[in-house]
There are 2 protein chains.
Amino acid sequence: MPTEPVIEKGLDRVVVDRSSISWVGGETGELVYRGFSIPELVPGVPYESVVHLLLRGEPPASDPSPEVTQALREHRSPPAGAEEVVDALSPRLPPLEALRTILSALGDGTYGYPPTLADGYRLIAQTPVLLARFVRRANGHAPVAPSASLSHAENYLTMITGRRPEPEVARALESYLVLLADHGMNASTFALRVAISTQSDLASAATAGLATLKGPLHGGAPSKVSDMLDAIGSPDRADAWIAERLARKEVLFGFGHRAYKTEDPRNLLLHALARKVARPDRLQLAEAVEARGLAALRAAKPTARLYTNVEFYGAVVLEAVGLPRELFTPTFAVARTAGWSAHALEQAADNRLIRPEMAYVGPAKGRRWPRPLPGR
Amino acid sequence: MPTEPVIEKGLDRVVVDRSSISWVGGETGELVYRGFSIPELVPGVPYESVVHLLLRGEPPASDPSPEVTQALREHRSPPAGAEEVVDALSPRLPPLEALRTILSALGDGTYGYPPTLADGYRLIAQTPVLLARFVRRANGHAPVAPSASLSHAENYLTMITGRRPEPEVARALESYLVLLADHGMNASTFALRVAISTQSDLASAATAGLATLKGPLHGGAPSKVSDMLDAIGSPDRADAWIAERLARKEVLFGFGHRAYKTEDPRNLLLHALARKVARPDRLQLAEAVEARGLAALRAAKPTARLYTNVEFYGAVVLEAVGLPRELFTPTFAVARTAGWSAHALEQAADNRLIRPEMAYVGPAKGRRWPRPLPGR
C-alpha cells in the first residue's frame, strides 16, 4: 500500500472543472451569472428570464422570457404517479424531508442521459407544484392548481398560501428566487455534478443536490435565523443574548460564509428588499442583531473578516412574504432548481466520471479471519 | 477574475481524504476491507459479520456477528409512513427509480447529524424490506415479512421471491453482498460523503449515493451483461456478435474498470461462485463471451490492460440466484448500504465541508441587461 500523499480534505483549493454559469468573487463580494452581476438583475429581472440566462446561456429577447414562460406552463403537470406519492407522505413530515422524496418521485424513468433543456424545465416547473401540494395537504387544505396567467414566483406563493400575493410581495419573492438561483460550485451543485458524471439523470441528481443542501452547513439553517430573532425578541436584549451565546461557544446563525471574505452581495440586496417588505419592528430587530453580533464577533476575533450571510436577510425577506420558516430551505431549493439544471447540462456537455482517490490508513492487508470458515 | 488554474476534471489523482475502511489495489487486483483481503472473506464470512467489520472496525467475536444480527432484527420495521409511500409508487416504475424514493422515504426526520451506528443498522435492515415490498406489490403479490430466524441474505431472497432459497443459493447471494459491500472512494460513496459533509443525515446521504450509483458508468449497467448474453445466445455466435458490435464502436458490457488494471478480484470470486450455481449452458456462454471479447479487445488495442469487471460474473450469479435483471443494481445498492453507512460514520468523525472550486470561463462581468428594468 502506498505511502500517504497530499490530502485535499474539503477540496478547498482543488479546481474541479471549468464553468460558464456563475462566478463567486469571495474577496470582492460579487456574484455574476454569465457576465451579469446580481445588482444588475435585482430588482427587476423576472425569474423566468434568469432561468433563460442560466440554462440557455444568454438573456431572452424580452422579459419575462417567452420561451421559459411557455415551457414552464407546458411542464407544470407532474408525471403520473408523483401526486400519489405526495399524497402518501405523512403530513407530519418536515417539508424539507418531504421535498427530497418529491424530487425523487419526479424521476419516473423518463429522465435520461444526457439531461435535456426540457428536463430542466420539468424540474423547475414541477418542484413548486408538488411541494405546495404537500404543504397544503399537510395543513388540511385542498391543493391550489398553478395558473397560466401568473409568474413563477406568483404561482409559488399562491399555491402555498391559497391567495394571490400583493405585487410588492411577489416581487420580493421573485428577487429571492433570482438571488438564490445559482452560486458556483457549492456542495449541493457539486453532488449533483458527481451524480450526472456517472450518466445518471437530472431527477436523481437534483435529489442528490437536495440531500446535500439539507445539511445545516449548506442550506439547512436559515430558519434558525428566525428562531434566533424570536429568542432575542427586542433590540435592547441583543447584546446580552449574543454574549451569553458566544460564552457557551455556540454559533450565531446567519453569520460567516466559506466563500465570502466581505459582504455577501446577495445579503446586501436582500437587506434592501427587507427594508421594503418587512415589518418595521422585525427589520429593526434584525439590524440590531446584525450590528451587535458583528461587533461581538469582531471583538472576539479582531482579524476575522466576518459578515452576515445570505441566510440572515434571506430569513427576514421570506418571513415578510408570508412563508413559514420550515419552508425557507425548500424555497431555497425551488430557486436552485435553475442552477442545478444549468450545471447538469454543462456537466453532461463535457463529461468525465468524478471519482477522487483516498488514502487508505487502515490495518495492513494480510489479516486472517479469527475463525475457520464453513464450507472451506 | 483569475487566470485559469490546473483543472482536476474527474478528480482522478486528487486524494480527498484518509479512510480506514477499504483499499482498492488497482494495479495488483486487490480489495481489502480493514486489512482483510476479500478472498479471505469469500466464501464463508456472513454478511452480518462484514457489516460488523465495516461499521465497527474489527471482526465480531463469533459468526454471524451476534450484535449485528440482533440490531438488524430490531431495526427491520420501517418508519411509520414509509410503507404508505412504497404502496403509492406506481407498479410500473423501474425498481431502481423506486429504490431512490424508498431510501428517501426512510428519512422521516429521525435521522440526524452526526450519523450513528443505529442509523446504519436501520438503513441496512430496512432497505431490502421496503424494496421487496415494492417488488412483490408490483408483481401483484402480498409482501413477505422478514423472519428473525433467517440471515440477511436469506431474508432478502425470501422477501423478493416468496420462498426460502436453497442453502447454496443463499450462500451465493451472501457472497455477492459481501463482495459489493464497499469499494473505496467510488462515485456513490463520494456523493454520500459530500452530503454528510454539510451535516446532512444518513438517509439523505444514502439517497444521494443511490442517485449516483444509478448511472451506467457506476452501478446502473449490470443487467446489460445479461441482455448481451441473451443477444449472443450461444458460444459459437460470440465472435461474430462481438466483431459487429466493436465495428459499430459500441462497448461490450462488463468489460473494463477505471480502477483495476488487472483482474477485478470480485469478479474472480464471482466467477468461482457462478461455477457452483449457474446453469452449465449459461456459464459456458458467459465464459465464451469473456474469452472472445477479451481476445477481440486486445487485438484492437494490444497495449490496453482490459479484463471483465464485477458486473460480468455478478450478472451471471444474480441470474443464478433467481433475481430478475431489473433488480441487479438495486441488489448492488442493498449490499452497499453497509459501505455507505461506514463511510458516513467515518466522514462525520472528522468532518470538513467538501466544496471544491471551479474555474469560471463564462462572459466577463459587467454586462448590462439588454432592456430597462421595471421599478428602477
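Residues numbered from 1 in each chain as written. Chains lettered and ligands numbered in written order. Predicted model: local features only at pLDDT ≥ 70, side-chain atom pairs only at ≥ 80, totals over all residues. Heavy atoms only, no water.

### Some details on the overall build of chain A
Along chain A, the regular secondary structure elements total 16 helices and five strands. A compact globule built from 376 residues would reach a C-alpha radius of gyration of about 21 Å, and chain A, at 22 Å, matches this within 12%. Taking the principal axes of the C-alpha coordinates as reference, chain A spans close to 75 × 55 × 45 Å. In chain A, of all internal contacts separated by at least 6 residues, the share reaching a separation of at least 24 is 75%. When the accessible surface of chain A is summed, it comes to about 13,600 Å², and 52% of that surface belongs to carbon and sulfur atoms. (Helix = DSSP H or I, 4+ residues; strand = E, 2+ residues; numbered from the N terminus. Rg over C-alpha atoms; globule rule 2.2 N^0.38 Å. Contact = heavy atoms within 4.5 Å. Areas by Shrake-Rupley, 256 points an atom, 1.4 Å probe, with all protein chains shown as cover.)

### Considerations on the packing of helix H13 (residues 265-277) of chain B against helix H14 (residues 280-300) of chain B
Residues and elements named next belong to chain B. Following both chains from N to C, one finds H13 and H14 inclined at 150 degrees, their axes separated by 10 Å at the closest point. With respect to their mutual orientation, H13 and H14 come out roughly antiparallel. Judged by the twist between their axes, the crossing of H13 over H14 is left-handed. Together, Asn 267, His 271, Ala 274 and Arg 275 of H13 and Leu 283, Glu 287 and Glu 290 of H14 make up the contact between the two elements. The residue makeup of the contact of H13 with H14, split by class, is two nonpolar, two polar and three charged. (Axes fitted to C-alpha atoms, helices over the stretch in contact; angles between N-to-C directions. Parallel < 35°, antiparallel > 145°, perpendicular 65-115°, else oblique. Left-handed = near helix turned anticlockwise from the far one by under 90°. Nonpolar A, V, L, I, M, F, W, Y, C, P; charged D, E, K, R; others polar.)

### Quick notes on the packing of aromatic side chains
On inspection of all chains with the given rule, the structure shows seven aromatic pairs over all chains. With a centroid separation of 5.2 Å and an interplanar angle of 65 degrees, the aromatic rings of A:Trp369 and B:Phe36 are classed as edge-to-face. Remark: B:Phe36 occurs in strand S4 (residues 36-37) and A:Trp369 occurs in the segment after strand S5 (357-360); the pair is interchain, linking two chains. A:Trp369 sits in the buried class, given a relative accessible area of 5%. The exposure class assigned to B:Phe36 is buried, which follows from its relative accessible area of 1%. When the ring of B:Phe255 is compared with that of B:Phe312, the centres are 5.6 Å apart and the planes differ by 70 degrees; the resulting orientation is edge-to-face. Here the residue B:Phe255 occupies a position in the loop between helix H12 (238-247) and H13, and B:Phe312 occupies one in helix H15 (residues 310-320), the gap between them amounting to 57 residues. Owing to a relative accessible area of 12%, B:Phe255 belongs among the buried residues under this scheme. Take B:Phe312: its relative accessible area is 0%, and that puts it in the buried class. One aromatic cluster is present, formed by A:Phe255, A:Phe312 and A:Tyr313 through successive ring pairs. Its guanidinium or amino end placed over the ring of A:Tyr307, A:Arg298 lies 5.1 Å from that ring's centre, counting from NZ or CZ. (Phe/Tyr/Trp six-rings, centres within 6.5 Å; stacked < 30°, edge-to-face > 60°. Buried < 20%, exposed > 50% of the residue type's maximum accessible area, 1.4 Å probe, protein only. Lys NZ or Arg CZ within 6 Å of the ring centre and 35° of its normal.)

### Here's the deal with helix H9 (residues 187-197) of chain B
Every α-helix carries 3.6 residues per turn, so stepping three or four residues along brings you back to the same face. Among the eleven residues of H9(B), eleven are classified as buried, and the element is accordingly described as predominantly covered. Among the residues of H9(B), those classed as buried are B:Ala187, B:Ser188, B:Thr189, B:Phe190, B:Ala191, B:Leu192, B:Arg193, B:Val194, B:Ala195, B:Ile196 and B:Ser197. Summarising the contacts, the buried residues of H9(B) are in contact with helix H9 (187-197) and helix H10 (202-213) of chain A together with strand S1 (15-19), helix H10 (202-213) and helix H16 (328-349) of chain B. Where H9(B) terminates, the next one or two residues include B:Gln199, which has phi positive at roughly 70 degrees.

### Thoughts on the interface of chain A and chain B
For an interface, size is often stated in terms of accessible area lost upon the parts coming together. Listed as interface residues are 112 residues of chain A and, on the opposing side, 112 residues of chain B. With both sides pooled, the region where chain A packs onto chain B buries about 9,800 Å², and carbon together with sulfur makes up 57% of that total. Three residues, A:Lys9, A:Arg355 and A:Trp369, lead the burial of chain A against chain B; their summed loss comes to 9% of the area buried on that side. In this structure, the connection of chain A to chain B is made through 16 salt bridges. In this structure, B:Asp350 engages A:Lys9 in a salt bridge whose closest nitrogen and oxygen atoms are separated by 3.8 Å. On inspection of chain A and its partner chain B, the count reaches 62 residue pairs in polar contact (both at pLDDT 80 or more). With six residues, H9(A) is the largest single contributor of residues to the side of chain A that touches chain B. When its residues are assigned to classes, the side of chain A that touches chain B shows 52 nonpolar, 32 polar and 28 charged. Two elements, S5(A) and S1(B), share three bridges in a ladder whose sense is parallel. Among the inter-strand pairings, A:Tyr360 is bridged to a residue of S1(B), identified as B:Ser19. (Buried area = accessible area lost by both parts, 1.4 Å probe. Salt bridge = Lys/Arg side-chain N within 4 Å of Asp/Glu carboxyl O. Polar contact = N/O pair within 3.5 Å; in protein donor to acceptor, adjacent residues only side chain to side chain. Pairing = 2+ DSSP bridges.)

### As for the relation of the copies chain A and chain B
The transform that puts chain A on chain B rotates by 180 degrees and translates by 0.0 Å along the axis, for an RMSD of 0.0 Å. A rotation of that kind, with that shift, is consistent with a two-fold axis. Closest approach to the rotation axis within chain A is made by the C-alpha atom of A:Ala208, at a distance of 2.0 Å. When the interface residues of chain A are mapped onto chain B, 100% of them again fall at the interface, so both copies present the same face. (Least-squares fit on C-alpha atoms with pLDDT ≥ 70 in both.)

### Some words on the sheet that holds strand S2 (residues 22-25) of chain B
Residue and element names in this part refer to chain B. Judged by pairing direction, the sheet is antiparallel, and its three strands sit side by side in the order S2-S3-S4 without closing on themselves. Single-partner strands in this sheet number two, and they are S2 and S4. Bridge count for S2 against strand S3 (residues 30-33) is four bridges, and the pairing is antiparallel. Bridge pairing in S3 links Val 24 to Leu 31.

### Here's the deal with the packing of helix H6 (residues 117-138) of chain B against helix H7 (residues 152-161) of chain B
All names here are of chain B. At a minimum axis separation of 8 Å, H6 and H7 run at an interaxial angle of 15 degrees. Taken together, the axes of H6 and H7 lie roughly parallel to each other. Judged by the sense of rotation from one axis to the other, the crossing of H6 with H7 is right-handed. Facing Ile 124, Ala 125, Pro 128, Val 129, Leu 131, Ala 132, Val 135 and Arg 136 of H6, the residues of H7 in contact are His 152, Tyr 156, Met 159, Ile 160 and Thr 161. Considering only residue class, the contact of H6 with H7 consists of ten nonpolar, two polar and one charged.

### Let's talk about the sheet that holds strand S4 (residues 36-37) of chain A
The strands that make up a sheet pair up through hydrogen bonds in the backbone, lying either parallel or antiparallel. On the basis of which strands lie adjacent, the open sheet formed by three strands has the order S2-S3-S4 (chain A) and antiparallel pairing. Two strands in the sheet have a free side with no partner beyond their single neighbour: strand S2 (22-25) and S4 of chain A.

### A closer look at the domain arrangement of chain A
All names here are of chain A. When cut into domains, chain A gives domain 1 (22-214 + 325-349) and domain 2 (222-320). Just the C-alpha atoms count here: the centres of domain 1 and domain 2 sit 26 Å apart. Every contact between the two is made by 25 residues of domain 1 and, on the other side, 26 residues of domain 2. Between domain 1 and domain 2, the buried area comes to about 2,000 Å², and carbon and sulfur atoms account for 71% of it. Considering only the side of domain 1, the residues that lose the most area to domain 2 are Tyr 176, Arg 325 and Phe 328, jointly responsible for 31% of the buried surface there. (Domains from an automatic or database assignment.)

### Focus on the environment of B:Val144
By secondary structure assignment, the location of B:Val144 is in the loop between H6 and H7. Apart from the residues within four sequence positions on either side, B:Val144 is in contact with B:Arg136, B:Thr158, B:Met159 and B:Gly162.

### Focus: the pattern of salt bridges
All names here are of chain A. Evaluated as defined, the whole model comprises 58 salt bridges over all chains. Asp 119 is the salt-bridge partner of Arg 122, the closest N and O atoms lying 3.0 Å from each other. One end of the pair is Arg 122 and the other is Asp 119, both in helix H6 (residues 117-138) and three residues apart, which spans about a single turn. Residue class for Asp 119 comes out buried when judged on its relative accessible area of 4%.

### Quick notes on helix H8 (residues 167-179) of chain A
Taking 1.5 Å per residue, 13 residues should reach 18 Å; H8(A) reaches 18 Å between its end C-alpha atoms and fits that length. Taken residue by residue, H8(A) has A:Val169, A:Ala170, A:Ala172, A:Leu173, A:Glu174, A:Ser175, A:Tyr176, A:Leu177, A:Val178 and A:Leu179 as its buried positions. (Expected span 1.5 Å × (residues − 1).)

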